[in-house]
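Structural description and commentary
Listed below are the residues making up each chain.
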Amino acid sequence: MRNTLKAQLLAIGILSITVSVAGSVAHAADKPAKAAGGQFSPAAELKWNDVPGMTGIQVAAVDGDPGKGPSHFFLKFVGGFAAPLHHHTSNHFGTVVAGTLVITVDGVEHKLPAGSFFSFTNKTKHLTRCEAGADCILAMDVRGKWDVLPDGDKPGAKK
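Residues numbered from 1 in each chain as written. Predicted model: local features only at pLDDT ≥ 70, side-chain atom pairs only at ≥ 80, totals over all residues. Heavy atoms only, no water.

A look at the overall build of the protein
Spelled out, the test is: In this text, helices come from DSSP runs of H or I with a minimum length of four residues, and strands from runs of E with a minimum of two, each type numbered from the N-terminal end. Any two residues whose heavy atoms approach within 4.5 Å at even a single point are treated as in contact.
Helix and strand content of the protein: one helix and 13 strands. Listing each helix as α and each strand as β along the protein from the N terminus yields α-β-β-β-β-β-β-β-β-β-β-β-β-β. Counting contacts in the protein only where the partners sit at least 6 residues apart, residues at least 24 apart contribute 69% of the total.

Here it is as structure tokens:
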């Protein structure tokens, strides 16, 4: 299963996340929930979209276009989902809304239950997984274009 997920991430790379996220932005724009000085996105009205070619990941954009620049969006991983070693170009910050996210950096595993915060700067390489059971939902604040760049098969990549 790990090899299948690794192959999916390597094959998809930047493109599928960008395409899927851009599509979810179009749906979010159908019903803007903005008022003077505020924006409101009730959970029941989020437009979840599958990420093509990546089983177990959905995205719902709520502000900006993640495929083009700074944005806020939700990511959902099915319980048991695991992504191989990768990094993101843009600095980003996340809050675990549901489930337990496990992030491994430099061989150190960090278990993050709902209510936990994490951030990545400087293209930090990491493994990501959602513990079996409940789906993991993350609220993301990304400071540039969102991408996923695989590192597992690159020379010099930490494994």
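Past the structure itself, the notes keep going.
Here we look at the pattern of salt bridges
Applicable threshold: Between Lys or Arg on one side and Asp or Glu on the other, a salt bridge is scored when a side-chain nitrogen of the former is within 4 Å of a carboxyl oxygen of the latter. Type-normalised accessible area, obtained with a 1.4 Å probe on protein chains alone, sets the label of each residue: buried when under 20%, exposed when over 50%, and partly exposed for intermediate values.
Per the counting criterion, the structure on display carries three salt bridges. Residue Arg129 pairs with Glu109 through a salt bridge whose shortest N-O separation is 3.3 Å. Of the two residues, Arg129 is situated in strand β11 (residues 126-130) and Glu109 in strand β9 (residues 108-113); the sequence distance between them amounts to 20 residues. Relative accessible area serves as the criterion here: at 43%, Glu109 is assigned to the partly exposed category. Two residues, Glu131 and Lys111, come together in a salt bridge whose shortest N-O distance is 2.8 Å. Note that Glu131 is positioned in the loop between β11 and β12 (136-142) and Lys111 in strand β9, a separation of 20 residues in sequence.

Considerations on the sheet that holds β11
Stated precisely, the cut-off is as follows: Only when DSSP finds a minimum of two bridges between them are two strands counted as paired.
Ordered in space as β9-β8-β11-β6-β13, the five strands form an open sheet in which the pairing is antiparallel. Pairing within the sheet leaves two strands with one partner each, and these edge strands are β9 and β13 (149-150).

Things to note about the sheet that holds β12
Taken together, the six strands give an open sheet; going across it, the order is β3-β4-β5-β12-β7-β10, and neighbouring strands pair in antiparallel fashion. Looking at the sheet topology across the chains shown, the edges are occupied by β3 (49-50) and β10 (117-120). Examined bridge by bridge, β3 and strand β4 (residues 57-64) share two bridges and lie antiparallel to one another. The partner of Asp50 across the bridge, within β4, is Gln58.

Observations regarding the packing of aromatic side chains
Where we set the bar: Aromatic rings from Phe, Tyr and Trp, with only the six-membered ring used for Trp, were paired whenever their centres fell within 6.5 Å, and each pair was classed as stacked if the ring planes differed by under 30 degrees, edge-to-face if by over 60, and tilted otherwise.
Applying the stated criterion across every chain, the model contains five aromatic pairs. Judged by centre distance (5.4 Å) and plane angle (70°), the ring pair of Phe73 and Trp146 falls under edge-to-face. Highlighted residues: Phe73 in strand β5 (residues 71-77) and Trp146 in the loop between β12 and β13, separated in sequence by 73 residues. Phe73 gets classed as buried once you look at its relative accessible area, which sits at 1%. A centroid spacing of 6.5 Å and a plane angle of 15° characterise the contact between Phe93 and Phe117, whose relative ring orientation is stacked. Here Phe93, found in strand β7 (residues 92-98), pairs with Phe117, found in strand β10; they are 24 residues apart in sequence, far enough to count as distant.

A few points about the side chain of Ser116
Rules: Think of a polar contact as two N or O atoms within 3.5 Å of one another; within protein, one of them needs to be a possible hydrogen donor and the other a possible acceptor, and neighboring residues in sequence only count if both atoms come from side chains.
Summarising the element assignment, Ser116 is placed in the loop between β9 and β10. Residue classification places Ser116 among the buried positions, given a relative accessible area of 16%. At 2.7 Å, the side chain of Ser116 forms a polar contact with the backbone oxygen of Pro113. Dropping the residues within four chain positions of it, Ser116 is found in contact with Gly94, Thr95 and Val96.

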